[in-house]
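# Coordinates in review
So you can see what is in the structure, the chains are spelled out below.
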Amino acid sequence: MTLTIADRLLHWYDQHRRQLPWRGDPDPYAVWVSEIMLQQTRVDTVIPYYDRWLAQFPAIADLAAASLEDVLKLWEGLGYYSRARNLHQAAQQVVRDFGGQLPNNLQDLRTLSGVGRYTAGAIASICFDLDEPTLDGNIRRVLSRLFDVVEPLGSSQGDRILWELARTHLPSGRAGDYNQAWMDLGATICTPRNPQCELCPLRSDCQAYGLGIQSDRPVPKPRKQIPQRSAVAAIILSGSKVLLTKRQEKGLLGGLWEFPCCYVDENFTGDSLQDASRREGANLPKFLHQFLLTEFSTEFGSEFATAFAKEFPVETYVPNLFGTYKHAYTHFRVTLHAYLFPFKESSEKLGKHPCLDWVAIAELSNYPMGKLARQMAQKLAKA
DNA sequence: AAGACGGGGAC
DNA sequence: GTCCCAGTCTT
């Protein structure tokens, strides 16, 4: 009898599987944490975060009882911070609705925040031996080459085909290994560029290889141009402390701390670098100064706004440049100019608000921040 | 169906 | 510089 594709795939996996910290851990919580961290994130990046996470939150109950601040601090640098917020919330969901145990079926798994179709299939097959397929970036690429799928990656039509292919070839009884085998094959052999086809156990089954078009599969989805934005930030010093503000829970870098800042063009239209250079030519420190006065008086009370206006008269005070930073987010790039506003006298009692804090320079490392704010904080600590 | 959502590594 | 990574949620 002839070997199926799954037979050959699993045979290869039995010999070449990667040794990873979450592999062989019988605790579904450990697998769950790894799957969330691995979303859009490489294995090598995840491993140190995974180890620290399991050390600090060994069980679901530990995570559920933790503060969001501590959770975000441990996630700092991994990106896509909604994953951390969702994982935290889902842990509380599990304690409240499922007796502290991760549910062992696809439907209940999908009710957890941050658990989508991929993660539910992965957990169900790996932890609970359910015959469920799953589909990630690796599996999409491998199946697209193997079966010469021409529908663009991520299109709904393409996804329908790929989910069906994954389910069609799934063997009964080893779905967890089958799913992970596709991913290991995609990560180590059937790579995005320069795939090692001569080492592939499925070479003779591969339609793209047969046609010599491996590098043309999968068909990428057309990309849009990334807009360029400008921003200004304020380093407001008082004694040995600096003013931090906390971002709102939702959206970009939600719940993280930063130095007070704003985009120069809130009515950004998304077109062209011309707008960017026009904004760069504007009077940025003056714009920032006005923003701070408005922001402080509307958000943080008139007392602090008054003290700030007295110390830094908008007509006469010209702040020094602290630094210029360029950063690329997923869907836009930003150039940020930071300016200094040093109070002559210590005024720590000014500005009381849950989303505002005077922080000693030495304590900045305790506050969860995005990369840009972290860079600024580190420069401040060195000076 | 398309966009929001981070940061880093490989080329 | 570009691509893309063990995707999910929102609009």
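Residues numbered from 1 in each chain as written. Chains lettered and ligands numbered in written order. Predicted model: local features only at pLDDT ≥ 70, side-chain atom pairs only at ≥ 80, totals over all residues. Heavy atoms only, no water.

## With respect to the overall build of chain A
Along the backbone of chain A there are 16 helices and 7 strands. Overall, chain A is about 85 × 50 × 35 Å in size when its C-alpha atoms are taken along their principal axes. Here chain A holds 383 residues, and 49% of them are scored as buried. Summing over all exposed atoms, chain A offers an accessible surface of approximately 19400 Å²; the carbon and sulfur share of this is 51%. (Helix = DSSP H or I, 4+ residues; strand = E, 2+ residues; numbered from the N terminus. Buried < 20%, exposed > 50% of the residue type's maximum accessible area, 1.4 Å probe, protein only. Areas by Shrake-Rupley, 256 points an atom, 1.4 Å probe, with all protein chains shown as cover.)

## What to know about the environment of Gly116
Position of Gly116 relative to the elements: it lies in the loop between helix H7 (106-110) and helix H8 (117-128). Sequence separation between Gly116 and Leu336 is 220 residues, and the spatial gap between their C-alpha atoms is 35 Å.

## Some points on the packing of aromatic side chains
Going through the model one piece at a time under the given rule, you end up with 21 aromatic pairs. Taking the centre distance of 6.3 Å and the plane angle of 40 degrees together, the rings of Phe304 and Phe343 count as tilted. Taken together, the residues Phe304 in helix H15 (residues 302-311) and Phe343 in strand S6 (residues 333-343) connect sequence positions 39 residues apart. Both residues of the pair, Phe304 and Phe343, belong to the buried class. Where Phe308 meets Phe341, the ring centres are 5.6 Å apart and the plane angle is 40 degrees; that geometry is what we call tilted. Within this pair, whereas Phe308 is found in helix H15, its partner Phe341 is found in strand S6, the two being separated by 33 residues in sequence. (Phe/Tyr/Trp six-rings, centres within 6.5 Å; stacked < 30°, edge-to-face > 60°.)

## Concerning empty space enclosed by the protein
Empty pockets left among the atoms are what a rolling probe the size of a water molecule brings to light. All chains considered together, the criterion is met by 1 cavity of 30 Å³ or more. Of the pockets and cavities examined, the largest cavity occupies roughly 130 Å³. As for the largest cavity, its lining consists of 15 residues, and the residues nearest its centre are Arg145, Cys190, Cys197, Cys200 and Cys206. In terms of residue count, helix H9 (residues 137-146) provides more of the lining of the largest cavity than any other element does, 3 residues in total. In terms of residue class, the lining of the largest cavity is built from 11 nonpolar, 2 polar and 2 charged. (1 Å grid on protein atoms, 1.4 Å probe; cavity = no way out; pocket = protein on both sides within 12 Å on 5 of 7 lines; lining within 4 Å. Points joined across faces, edges and corners; volume = space filled by probe spheres on them. Nonpolar A, V, L, I, M, F, W, Y, C, P; charged D, E, K, R; others polar.)

## Some words on the protein's contact with DNA strand B
By nearness alone, 21 residues border DNA strand B, and Tyr81, Ser156, Lys224, Leu253 and Thr330 come closest of all. Close to the protein, within 4 Å, the atoms of DNA strand B are drawn from sugar and phosphate at a rate of 60%. Backbone polar atom of Leu253 to a phosphate oxygen of DNA strand B: 2.5 Å apart, as the coordinates give it. Thr330 has a polar side-chain atom sitting 2.4 Å from a base nitrogen of DNA strand B. (Near = heavy atom within 4 Å. Polar contact = N/O pair within 3.5 Å; in protein donor to acceptor, adjacent residues only side chain to side chain.)

## Observations regarding the protein's contact with DNA strand C
Looking at DNA strand C, there are 24 residues lining it, with Gly114, Tyr118, Thr119, Asp136 and Asn138 nearest. Of everything in DNA strand C that lies within 4 Å of the protein, sugar and phosphate atoms constitute 67%. At 3.1 Å from a base nitrogen of DNA strand C is found a side-chain nitrogen or oxygen belonging to Trp22. Here a phosphate oxygen of DNA strand C and a side-chain polar atom of Arg141 are 2.8 Å apart. Mapped onto the surface near DNA strand C, the elements with two or more residues apiece are H8 and H9.

## A word on the pairing of S6
Residues in a regular strand project their side chains so that they alternate between the two faces of the sheet. Counting buried positions over the 11 residues of S6 gives 8, a clear majority of the element. With 11 bridges joining them, strand S1 (residues 228-238) and S6 adopt parallel strand pairing. The partner of Ile235 across the bridge, within S6, is Leu340. With 7 bridges joining them, strand S5 (residues 321-328) and S6 adopt antiparallel strand pairing. (Pairing = 2+ DSSP bridges.)

## Quick word on the domain arrangement of chain A
When the domains of chain A are assigned, the result is domain 1 (5-216) and domain 2 (228-382). Taking the mean C-alpha position of each, domain 1 and domain 2 sit 38 Å from one another. The interface is formed by 8 residues belonging to domain 1 together with 16 residues belonging to domain 2. At the boundary of domain 1 with domain 2, total buried surface from both sides reaches about 870 Å², with 46% on carbon and sulfur atoms. For the pair domain 1 and domain 2, the interface holds 2 salt bridges. (Domains from an automatic or database assignment. Contact = heavy atoms within 4.5 Å. Buried area = accessible area lost by both parts, 1.4 Å probe. Salt bridge = Lys/Arg side-chain N within 4 Å of Asp/Glu carboxyl O.)

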